[in-house]
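Inside the fold
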Amino acid sequence: MQLEQDRRPAVAAHSVAAVRAAEGAALAGLPPGAPDALMQQAATAVAVTAARALREATGGIAGRAAVLLVGSGDNGGDALWAGVRLRRRGVAVTALLSADTAHPAGLAAVRVAGARVLRVSSPPSATDLAPLAAADLVIDGLVGLGGRPGLREPATSLVDRIPASAVVVAVDVPSGVDVDSGALPGPHVQADVTVTLGAAKRCLLLPPASTAAGRVEVFDLGFDVPPAPLRRLDAAGVGALWPVPAPGADKYRRGVLGMVAGSAGYPGAAVLATSGAVRAGVGMLRYVGPDDATRAVRSAHPEVVAGAGRVQAWALGSGVNPDADDDQPAAIRSALDSGLPCLLDAGALEVWAAGVHRDPDDASDRLLLTPHAGELASLLGTLGLPRERADVEERPFEHAHAAAELTGACVLLKGATTLVVTPDGEARSQAEAPAWLATAGAGDVLAGVAGALLAGGVRPLDAGAAAAWVHGRAATLASRAAGGGGGPIAASDVAAHVPAAVAEALAP
Ligand SMILES: NC(=O)C1=CN([C@@H]2O[C@H](COP(=O)(O)OP(=O)(O)OC[C@H]3O[C@@H](n4cnc5c(N)ncnc54)[C@H](O)[C@@H]3O)[C@@H](O)[C@H]2O)[C@@H](O)CC1
Ligand SMILES: Nc1ncnc2c1ncn2[C@@H]1O[C@H](COP(=O)(O)OP(=O)(O)O)[C@@H](O)[C@H]1O
Ligand SMILES: [K+]
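Residues numbered from 1 in each chain as written. Chains lettered and ligands numbered in written order. Predicted model: local features only at pLDDT ≥ 70, side-chain atom pairs only at ≥ 80, totals over all residues. Heavy atoms only, no water.

Looking at an unreviewed UniProt entry, one finds the chain named Bifunctional NAD(P)H-hydrate repair enzyme and attributed to Spongisporangium articulatum. Under the heading Subunit (unreviewed entry), UniProt records this for the chain: "Homotetramer." (UniProt positions renumbered as here; feature names shortened; annotations may be inferred.)

Below, the structure written as structure tokens:
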């Protein structure tokens, strides 16, 4: 079942330990019986969301069939109490208990409310599995904060039999994910909506687990959770970071970006990267590249100045071939020697990693690396940590963080979800882009947008995250301009929609 996605809201994602500590502190201050009150609030949130999702998916609530997948812990307790509330709204509820024990009060209450309860054998029998085939709604209460990654029987078989037509609401997290790392090492639930309780968990922002969560709804339980290092920016957050020219601004004070991009083989990359920077509102752009690429850039963007000069930041490497017989690698090395903020994309990553230009100290306020998964794998190999692209895709945060720690730089790892990570683990996760953005040249546009922000004085972590938001939003706008629910886009269409995306972020 596919529900419409929200415009990704701002959210901070917390570790299990942080949520447990906040929960413990909150409970310590409450009178006896209050833990149950917390579960009642959680169950109400789950039931309200589930009823809404059920109506969205089937057009109604009463008379529909819901199956609760119930584990041994409080996550199962939440699901059982949500089932009690759904019974009151006329939903036919079946609770499938995956363990020998289940939350006692929740189990008693759901029975009294008229739900059918089945204790599932391991492996499950045909009778155990039958209710799933007829389910309009499945509530996943197998495991939450207490879950070890992956699922055991009979949970695995239950999850396997969830029909594609059912709407799936996960309690707290989709069961089976690694809650802190965001890895998916085994079987797991694929949810349409996740109602996360007290505070969002790290797996809800970290791929690949974040893709198992569907739409995320954070339900506040009044906990005081300390600020989390992992966050997602929304439009307002991007707007607050974006450098807006003051009334008396001039092009130099707004920030001049130098760009070393393109090669004889890839002149188009130079055009796309310069487009990204120009459309993002850089004060001035100086382009450095071979003659053919320079001609192409000037014809697309007459406002670009050719040749090196005084700049506030550099965007380096898009479309550069480090092995080509041209001056681009030397221009990249000289830009790196300037000590100015530098974005390193594509070919510049190789030039930098191979040479003496590694910065062992904390360079996260100066250097922004923008690899995709394949480039990150080769960069890690050069740094003495051999990895395949598939390893990076399985644990993207871990590998982006390893690269940040090894290099001292801020690392932006491109993908369906773009992660921006500093050596000390401060991170942003942006997932605004439609899959249409997976098109050649899109990364060059991103480099231009992020470079423009560095030239405007924005620190690499914020520049990377804000650029990823604007880039993803511009892709959505470009795709919608094709009509209907959205159509194919070219990288140049993305650049053309950057001003509209920035304007959205700046809208009050
Ligand atoms: N943290 C909070 O503030 C609140 C938590 N609540 C709920 O309580 C949950 C945490 O409850 P618990 O600590 O009881 O833990 P869980 O309910 O997440 O898991 C408990 C048990 O599941 C079993 N289990 C673990 N991994 C498994 C696997 N891979 N396959 C099969 N079984 C597995 C184990 O026996 C484990 O003890 C939260 O996720 C949330 O749903 C809510 O009731 C309200 C407040
Ligand atoms: N499945 C996807 N959904 C949304 N965005 C994606 C997806 N795959 C890639 N992207 C984005 O598209 C861009 C591709 O950049 P990159 O891999 O550098 O390609 P190129 O080198 O051709 O420009 C990145 O910004 C990335 O985050
Ligand atoms: K769950």
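In this section: the layout of surface pockets. One simple way to see leftover space: roll a probe sized like a water molecule over the atoms. For the second largest pocket, the calculated volume is near 850 Å³. In terms of lining, the second largest pocket is formed by 35 residues, of which the most central are Gly73, Asp74, Asn75, Gly144 and Gly146. At the level of secondary structure, the elements contributing two or more residues to the lining of the second largest pocket comprise helix H1 (16–28), helix H2 (34–58) and helix H3 (74–88). Of the residues belonging to the lining of the second largest pocket, the class tally is 17 nonpolar, 10 polar and 8 charged. (1 Å grid on protein atoms, 1.4 Å probe; cavity = no way out; pocket = protein on both sides within 12 Å on 5 of 7 lines; lining within 4 Å. Points joined across faces, edges and corners; volume = space filled by probe spheres on them. Helix = DSSP H or I, 4+ residues; strand = E, 2+ residues; numbered from the N terminus. Nonpolar A, V, L, I, M, F, W, Y, C, P; charged D, E, K, R; others polar.)

This part is about the sheet that holds strand S7 (residues 193–197). In sheet architecture, strand pairing relies on hydrogen bonds along the backbone and comes in two forms, parallel and antiparallel. Strand order in the open sheet made by the 7 strands is S4-S3-S2-S5-S6-S7-S9, with parallel pairing throughout. The open sheet is flanked by strand S4 (116–119) and strand S9 (215–219), the only strands paired with a single partner. Taken over all neighbouring pairs, the strand axes of this sheet differ in orientation by 20° on average, direction set aside. With 6 bridges connecting them, strand S2 (residues 65–70) and strand S3 (residues 92–97) associate as parallel partners. Residue pairing in the sheet places valine 70 in a bridge with leucine 97 of S3. (Pairing = 2+ DSSP bridges. Axes fitted to C-alpha atoms, helices over the stretch in contact; angles between N-to-C directions.)

This part takes up the environment of leucine 257. Within the fold, leucine 257 resides in strand S11 (residues 256–260). Note on leucine 257: relative accessible area 0%, which makes it buried. Remark: the alpha-carbon pair of leucine 257 and alanine 409, spanning 152 residues in sequence, is separated by 19 Å. (Buried < 20%, exposed > 50% of the residue type's maximum accessible area, 1.4 Å probe, protein only.)

The 12 strands lie next to each other as S8-S1-S10-S19-S18-S17-S16-S15-S14-S11-S12-S13, forming an open sheet whose pairing is mixed. At either margin of the open sheet sits one strand with a lone partner, and together these are strand S8 (200–201) and strand S13 (305–306). For strand S18 (residues 418–421) and strand S19 (residues 427–430), the ladder comprises 4 bridges, and the chain directions are antiparallel. In the sheet register, leucine 419 faces S19, and the bridge partner there is serine 429.

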